[in-house]
Amino acid sequence: MSKREDDVVSNGSGNIHLQTVVEQQLASPARRAAIRRGFGLATIPFLGAGSAAALGGCGGDDDPAPAATTSRPLGFSAVNTSSGDEVIVPAGYAAQAILLWGEPIRAGAPAFARDASQGWAEQEQQIGDNHDGMHFFALNAGGDGPGTRSDEGLLAINHEYINPEYLYAPGDDTDDWLLPFTVEKVRKGLAAHGVSVVHVQRAANGTVSHRLDSRYNRRITGYTPMDVSGPAAGSALLQTAADPTGREVLGTLNNCAHGYTPWRTYLACEENFNGYFGNTDPAGRALTALERRYGVGTDAGGGLGNGFGYRWHTADPRFDINATPNEPNRFGWVVEIDPFDPDSKPVKRTALGRFKHENAEHVVAADGTVVVYMGDDERNEYLYKFVSSGRFDAANPRAAANRNLLDSGTLNVAKFTGGSTGGQGTGTWIPLAHGQNGLTAENGFADQAAVLVNARAAADRVGATMMDRPEWVAANPNKRGEVYCTLTNNSRRGTTPASSNNAAGTTTAGSARPPVDAVNPRSSNLWGHIVRWNEAGGDPKAIAFSWEIFLLAGQPGVTGERAPSANINGSNVFNSPDGLWFDRNGRLWIQSDGSYTNAGDYAGMGNNQMLCADPATGEVRRFLVGPSGCEVTGVVMTPDSRTMFVNIQHPGEMGSHPNVPRNAPTGQQQIGTAWNDNQIAREPTRFSRFPEGAGSGRPRSCTVVIRKLDGGVIGS
Ligand code: FEO
Ligand code: CA
Ligand code: CA
């Protein structure tokens, strides 16, 4: 997410920083072959499968499906950057938009009203907003359970947040389109959040459609009842007047990135949950240490004590931290959903810790131990690893014995140490276990529930390394124990204030600016970087690891501390890596969620985009560019790797950003004037009409299906 990004820094721990300057290590510049293709909904013949051969993998993807292989790691022609309002894919590829925000989730559900006049009762039967992380669950031959088919499966899609200016039809008050703000509007917002499970099928020509008649189609929202499990279930910290047991929560919010399990369930991860809660009386009481550590009840971008500025707390006391002070503790978790059982109740798995979760990437160790890597996406927060105490029975993946493996284990946090030269080093995983490493009652941790609810403070205590906003983690399927993480950017590190991306990046009270260190080597890291590590002995559950910088994004030609790595050049520039995913063939896909000003520090980078990297050589090539004001996030393929799904989130959001050169669909260019939400709500097609184009009522997040025209493996 960009506009509703939490702009606070909550970590005042003063944890370790290392004074090592990185050196660039990587070579192999990408070849430039810029060919642009327009986006279209036209059906283009799909020519059927090419040859495929099994490729032995050993890591992060446990789908029991044959992997296709290719001798060309990056076999496509790079695309140019763009500031247009379209999706661009390489020559020889086609793109198709499906599952637009507001489309019916099943047969009989109401069609989308382009003027946004519908309420929660319609929205809860429609696809949610702001698509983010996503997984494809292949169906079996009978279509009634998990399998390996590529022509039929279930897409589980996160809906991270809402853009009120697009979600709500404007009222009559000329100064404030949101008035009157009612509990019905809260409920519409909640209904647009959560997860969609959608039954999709692929036709012989490669196009994909939504099977509206399927029993699997399901919406999970911000008010769907879900269980709480693991060590924090029932904790006094999770109890409210509405739920004195502390074991049942209504809904999941801010589902950013995701994960899936080897027993074929989906993990929806809760990120910036704090932004939904407001303080109706900001001066009335001091915030608790727990609230402050998670940015609850503070200005998270929408005004004093108003979080995102959604106003939910003004109409629903559940979101008022004075009326319901423990409600925020019931968010910030990883939620497990069984897409194959539409009647199943989602479960918040507290053993995985409470923070601003990005994704949850699993690897199964040789002995069956399940390891889950997770980032906490805020400036100067940490990287975590859960290690299960039980072992996965691969012979019976859906067996009951596997289903609760995420309830018991050890949550660890990473500490990075610099090596003898720049850009590499070693590290350790430190357990966050009650009674160890100072996590005791005397130090404020009454039990393991307290450690997990306040995982950030526990990580502070054990001396974890503050990172430049850990986003997605991706495990290399061809090298067990090798894992990558995007560090998207950090305007609050080092002694150099941020320049064009964040004027607020200077030191403020309560906002620490830790110095640069070996693994976060740049002051005011505008463009972000990617680190990879190898667990000792190739064992995912190891305590020790070695690490190196894989990529430093940025502007070629810039020297000194801000210099990009050698694998960044004029043809693959981008900023703010976020989504990160290995396909079955070992290609590493990188998605960006950064500045699309295309000016200053970001000149030549255009709209947000998706690139592909060869982990063996470090070569990076641009594969896709998104439309105006969007973030490109969420990527997965069918088991045969011949259909790719990519999400386009918040097209048109650029309107409220200052200093954005805008090529609006009307052809007018406007620079330097931000529109406020009141203006955008009244002219919602001003900054994007994606994906519908002419006739659109407003921009709509959606899933884009990508296929190769020759029917081949994506990326080959
Ligand atoms: Fe929702 Fe950290 O991206
Ligand atoms: Ca993200
Ligand atoms: Ca992001």
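Residues numbered from 1 in each chain as written. Chains lettered and ligands numbered in written order. Predicted model: local features only at pLDDT ≥ 70, side-chain atom pairs only at ≥ 80, totals over all residues. Heavy atoms only, no water.

Observations concerning the coordination of the calcium ion (ligand 3)
And step 1. Coordination of the calcium ion (ligand 3) by the protein involves Glu471 (OE), Asp578 (OD) and Asp593 (OD), with metal-donor separations of 2.3 to 2.4 Å.
And step 2. Motif for the calcium ion (ligand 3), donor spacing along one chain: E-x106-D-x14-D.
And step 3. The metal-metal distance between the calcium ion (ligand 3) and the calcium ion (ligand 2) comes to 3.7 Å, with Glu471 coordinating both. With Glu471 in strand β20 (residues 470-475) and Asp578 in strand β24 (residues 577-582), this residue pair connects regions lying 107 residues apart in the sequence. Each of the two residues, Glu471 as well as Asp578, counts as buried. (Donors = N, O, S within 2.8 Å, 3.2 Å for Na, K, Ca; no water. Helix = DSSP H or I, 4+ residues; strand = E, 2+ residues; numbered from the N terminus. Buried < 20%, exposed > 50% of the residue type's maximum accessible area, 1.4 Å probe, protein only.)

Overview of the nonpolar core
And step 1. Among the nonpolar cores identified, the biggest contains 70 residues, and Tyr276, Trp312, Met374, Tyr384, Val413 and Leu432 are the most heavily contacted of them.
And step 2. Among the elements of the structure, α3 (183-191), β10 (266-270), β13 (357-364), β14 (369-376), β16 (383-391), β17 (409-418), α7 (448-453) and α8 (455-462) are those that each provide at least two residues to this core.
And step 3. Looking at this core, the element that brings in the most residues is α8, giving 5 residues.
And step 4. The residues touching Leu432, leaving out its near neighbours within four places in the chain, are Tyr384, Leu411, Asn412, Val413, Leu439, Gln448, Val451, Ala455, Ala458, Ala459 and Val462.
And step 5. If you look at the next biggest cluster of nonpolar residues, it comprises 41 residues, including Val87, Val89, Leu99 and Leu155. (Core = buried A, V, L, I, M, F, W, Y, C linked by side-chain atoms within 4.5 Å. Contact = heavy atoms within 4.5 Å.)

So, α8
An α-helix turns once per 3.6 residues; consequently, residues spaced three or four apart project the same way.
And step 1. Summarising burial for α8: 7 of the 8 residues are buried, a large majority.
And step 2. Along α8, the positions that sit buried rather than exposed are Ala455, Arg456, Ala457, Ala458, Ala459, Asp460 and Val462.
And step 3. Gly463 sits one or two positions beyond α8 and adopts a positive phi of about 80 degrees.

Quick look at unusual backbone geometry
Residues apart from glycine generally show negative phi values, whereas peptide bonds are mostly found in trans.
And step 1. With an omega of -5 degrees, the peptide bond running from Leu179 to Pro180 counts as cis.
And step 2. By the secondary structure assignment, Pro180 is in the loop between α2 (164-167) and α3.
And step 3. Each neighbour pair has its own omega, and for Phe690 with Pro691 the value is 0 degrees, a cis peptide bond.
And step 4. Of note, Pro691 is situated in the loop between α9 (677-682) and β32 (702-708).
And step 5. You will see that Asn254, though not glycine, has its phi angle at about 55 degrees, which is positive.
And step 6. Within the fold, Asn254 resides in the loop between β8 (248-250) and β9 (255-260).

Some thoughts on the pattern of salt bridges
Side chains that differ in sign of charge can pair as their charged atoms come close.
And step 1. One pass over the full model with this rule turns up 36 salt bridges.
And step 2. Residue Arg211 pairs with Glu152 through a salt bridge whose shortest N-O separation is 2.8 Å. Taken as a pair, Arg211 in the loop between β5 (208-210) and β6 (218-220) and Glu152 in strand β3 (residues 152-159) lie far apart in primary sequence, 59 residues in all.
And step 3. A relative accessible area of 26% means that Arg211 is categorised as partly exposed.
And step 4. Ionic pairing is found between Asp367 and Arg391, a salt bridge with its closest N-O pair at 3.5 Å. Of the two residues, Asp367 sits in the loop between β13 and β14 while Arg391 sits in strand β16, which places them 24 residues apart along the sequence.
And step 5. The exposure class of Asp367 is partly exposed, given its relative accessible area of 25%. (Salt bridge = Lys/Arg side-chain N within 4 Å of Asp/Glu carboxyl O.)

A look at empty space enclosed by the protein
The gaps left among the atoms become clear once a water-sized probe is rolled over them.
And step 1. Enumeration over the complete set of coordinates arrives at 7 cavities of 30 Å³ or more.
And step 2. Its volume calculated, the second largest cavity comes out at about 60 Å³.
And step 3. Lining of the second largest cavity is provided by Trp101, Asp129, Asn163, Tyr166, His650, Pro651, Pro699, Arg700 and Ser701.
And step 4. Residue composition of the lining of the second largest cavity, by class: 4 nonpolar, 3 polar and 2 charged. (1 Å grid on protein atoms, 1.4 Å probe; cavity = no way out; pocket = protein on both sides within 12 Å on 5 of 7 lines; lining within 4 Å. Points joined across faces, edges and corners; volume = space filled by probe spheres on them. Nonpolar A, V, L, I, M, F, W, Y, C, P; charged D, E, K, R; others polar.)

What about the coordination of the calcium ion (ligand 2)?
And step 1. Summarising the metal site, the calcium ion (ligand 2) is bound by the protein donors Glu358 (OE), Glu471 (OE), Asp578 (OD) and Asp578 (OD), whose distances to it range over 2.3 to 2.9 Å.
And step 2. The sequence pattern formed by the donor residues of the calcium ion (ligand 2) is E-x112-E-x106-D.

Describing the environment of Asn437
And step 1. Mapped onto the elements, Asn437 comes out in the loop between β18 (424-431) and α7.
And step 2. Separated by 22 residues in sequence, Asn437 and Ala459 place their C-alpha atoms 10.0 Å apart.
And step 3. Sequence-distant contacts of Asn437, that is, excluding residues within four places in its chain, are made with Ile430, Pro431, Arg461 and Val462.
And step 4. Looking at Asn437, its side chain comes within polar contact range of the main-chain oxygen of Pro431, at 3.2 Å. (Polar contact = N/O pair within 3.5 Å; in protein donor to acceptor, adjacent residues only side chain to side chain.)

A short note on the sheet that holds β32
And step 1. Read across the open sheet, the 4 strands follow the order β1-β32-β29-β28; overall the sheet is antiparallel. Every interior strand has two partners, whereas the edge strands, β1 (93-98) and β28 (631-637), have only one. Strand-to-strand twist of the sheet, defined as the mean angle between neighbouring strand axes without regard to direction, takes the value 25 degrees. (Pairing = 2+ DSSP bridges. Axes fitted to C-alpha atoms, helices over the stretch in contact; angles between N-to-C directions.)

As for the environment of Trp581
And step 1. With respect to the element layout, Trp581 can be found in strand β24.
And step 2. Note on Trp581: relative accessible area 9%, which makes it buried.
And step 3. C-alpha of Trp581 to C-alpha of Val473: the two residues are 108 residues apart in sequence and 7.7 Å apart in space.
And step 4. What Trp581 contacts, discounting residues up to four positions off in sequence, is Ala474, Arg587, Leu588, Trp589, Val635, Val636 and Met637.

Considering the packing of aromatic side chains
And step 1. All chains considered together, the criterion is met by 31 aromatic pairs.
And step 2. Centre to centre, the rings of Phe273 and Tyr294 are 6.1 Å apart; their planes meet at 40 degrees, and the pair counts as tilted. Pair noted here: Phe273 is in the loop between β10 and α4 (289-293) and Tyr294 is in the loop between α4 and α5 (312-315), with a separation of 21 residues, a long-range link. Comparing Phe273 with Tyr294 shows no difference in burial state: the two are buried.
And step 3. With a centroid separation of 5.2 Å and an interplanar angle of 70 degrees, the aromatic rings of Phe416 and Phe545 are classed as edge-to-face. Placement of Phe416 in strand β17 and of Phe545 in strand β23 (residues 544-552) is noted, with a sequence separation of 129 residues between them. Each member of the pair Phe416 and Phe545 is classed as buried.
And step 4. Ring-pair connections join several aromatic residues into one group, and the members of that group are Tyr276, Phe277, Phe308, Tyr310, Trp312, Phe319 and Phe331. (Phe/Tyr/Trp six-rings, centres within 6.5 Å; stacked < 30°, edge-to-face > 60°.)

Section: α3
And step 1. For α3, the complete set of buried residues consists of Lys185, Val186, Lys188, Gly189, Leu190 and Ala191.
And step 2. If you follow the buried residues of α3, they end up packed against α1 (120-123), α2, β6 and α5.

Side note on the side chain of Asp640
And step 1. When you line up the elements, Asp640 lands in the loop between β28 and β29 (643-649).
And step 2. You can call Asp640 buried: its relative accessible area is 17%.
And step 3. Among the polar contacts made by the side chain of Asp640, one reaches the side chain of Arg202 at a distance of 2.8 Å.
And step 4. Reaching out from Asp640, the side chain makes a polar contact with the backbone nitrogen of Arg642 at a distance of 3.0 Å.

Remember, this is a structural readout, not a statement about activity or role.
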